[in-house]
Amino acid sequence: GEWSETRTFITEQDPPEQITLLTPQDGLQDVLVSSSPSFTWTEDENATSYHFELSQGSTIVVEDEEVSGTSYSLPSDTLSYGTTYSWRVRGINDIAQGPWSDSFSFTTQDSLLENAPGIVFTVEQSELEQGGTSSTRKANSMMCQIPWL
């Protein structure tokens, strides 16, 4: 017999699978607020981009639905002292959004000074006389004692 007319077709892409989070590790404590941690996860071959979400309780702090790789760096000044955050990621492609990863959580340091026991600040006020005049000036000084560990 004769061949039928040529037809073309496109197969559907598989939806992304559940992502595995890598860093920061789940339950990490005393994360430096100033460090703006980098978040990393495993690659999904079916994902063309990723949806990243950082939250504090039920409040979303950062959300980016167009992350092109397998890492995300927070903008500076995002984290607060003594706060527990959770984060999760899901893969996205042209046909679907994959399931959310399991959530990981981490807690930031309490404060810059609370993590450095033994630091003592002393503020002193004194009067300085200027030579040959009757005027005096007040001067403030601050001393910081930091123990060596």
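Residues numbered from 1 in each chain as written. Predicted model: local features only at pLDDT ≥ 70, side-chain atom pairs only at ≥ 80, totals over all residues. Heavy atoms only, no water.

**A look at the overall build of the protein**
This is how the line gets drawn: Counting from the N terminus, the helices are DSSP H or I runs at least four residues long and the strands are E runs at least two residues long. Relative accessibility under 20% of the residue-type maximum defines a buried residue, over 50% an exposed one, and the middle range a partly exposed one, all with a 1.4 Å probe and only protein chains included. Contacts were defined at the residue level, with two residues in contact if any of their heavy atoms lie within 4.5 Å. Methods summary: accessible areas were calculated by the Shrake-Rupley approach with a probe of 1.4 Å, and residue burial reflects only the protein chains presented.
Scanning the protein from terminus to terminus reveals zero helices and 10 strands. Seen in sequence order, the protein has helices and strands lined up from the N terminus as β-β-β-β-β-β-β-β-β-β. Counting the 149 residues in the protein, one finds 29% classified as buried. Excluding contacts between residues fewer than 6 apart, the proportion of contacts in the protein whose partners are at least 24 apart in sequence is 59%. Just so you have it, the protein exposes about 10700 Å², and 47% of that area is on carbon and sulfur atoms.

**Quick notes on the packing of aromatic side chains**
Selection rule: Side-chain rings of Phe, Tyr and Trp (the six-membered ring for Trp) are treated as a pair once their centres are within 6.5 Å; stacked means planes under 30 degrees apart, edge-to-face means over 60, and tilted covers the remaining angles. Whether a charge sits over a ring depends on NZ of Lys or CZ of Arg being within 6 Å of the ring centre and within 35 degrees of the ring normal.
Summed over the entire model, instances satisfying the criterion amount to nine aromatic pairs. Measuring from centroid to centroid gives 6.3 Å for Trp41 and Phe52, while their planes differ by 20 degrees, and the two rings are stacked. A residue pair is termed long-range when its members are at least 10 positions apart, and Trp41 in strand S3 (residues 38-41) and Phe52 in strand S4 (residues 49-56) qualify at 11 residues. Like Phe52, Trp41 is buried. Three or more aromatic residues joined by ring pairs form one cluster here, namely Phe39, Trp41, Tyr50, Phe52, Tyr72, Tyr85, Trp87, Phe104 and Phe106. When the ring centre of Trp100 is taken as reference, the NZ or CZ atom of Arg88 above it lies at 3.8 Å.

**Topic: the nonpolar core**
This is how the line gets drawn: Side-chain atoms within 4.5 Å are what join buried Ala, Val, Leu, Ile, Met, Phe, Trp, Tyr and Cys residues into a set we call a nonpolar core.
Within the largest apolar cluster, 20 residues are counted, with the highest numbers of intra-cluster contacts made by Trp41, Phe52, Leu54 and Trp87. Put simply, the parts of the chain that give this core at least two residues each are S3, S4, strand S5 (59-67), strand S7 (84-92) and strand S8 (104-108).

**Concerning the sheet that holds strand S2 (residues 28-31)**
Where we set the bar: The criterion for strand pairing is that DSSP finds at least two bridges linking the strands in question. The axes are straight lines fitted to the C-alpha atoms, using for helices just the contacting stretch, and the angles between their N-to-C directions are given from 0 to 180°.
Across the sheet, five strands lie side by side as S2-S8-S7-S4-S5; this open sheet has mixed pairing. What marks the edges here is a single partner per strand, and that holds for S2 and S5. Strand after strand, the sheet turns through a mean of 25 degrees between neighbouring axes, direction not considered. Sheet analysis places S4 next to S7, joined by seven bridges and oriented antiparallel. Looking across to S7, one finds that Ser49 is bridged to Ile92.

**Digging into the environment of Val61**
Summarising the element assignment, Val61 is placed in strand S5. The exposure class of Val61 is partly exposed, given its relative accessible area of 33%. For Val61 and Trp87, which are 26 residues apart along the polypeptide, the C-alpha to C-alpha distance reads 9.8 Å. Contact partners of Val61, with chain neighbours within four places excluded, come to Leu54, Ser55, Gln56, Thr78 and Tyr85.

**Quick word on the environment of Asp64**
Looking at the element boundaries, Asp64 is found in strand S5. Measuring from C-alpha to C-alpha, the distance between Asp64 and Glu53 comes to 6.6 Å, with 11 residues separating the pair along the chain. The contacts of Asp64, once residues within four sequence positions are left out, are Tyr50, His51, Phe52 and Tyr72.

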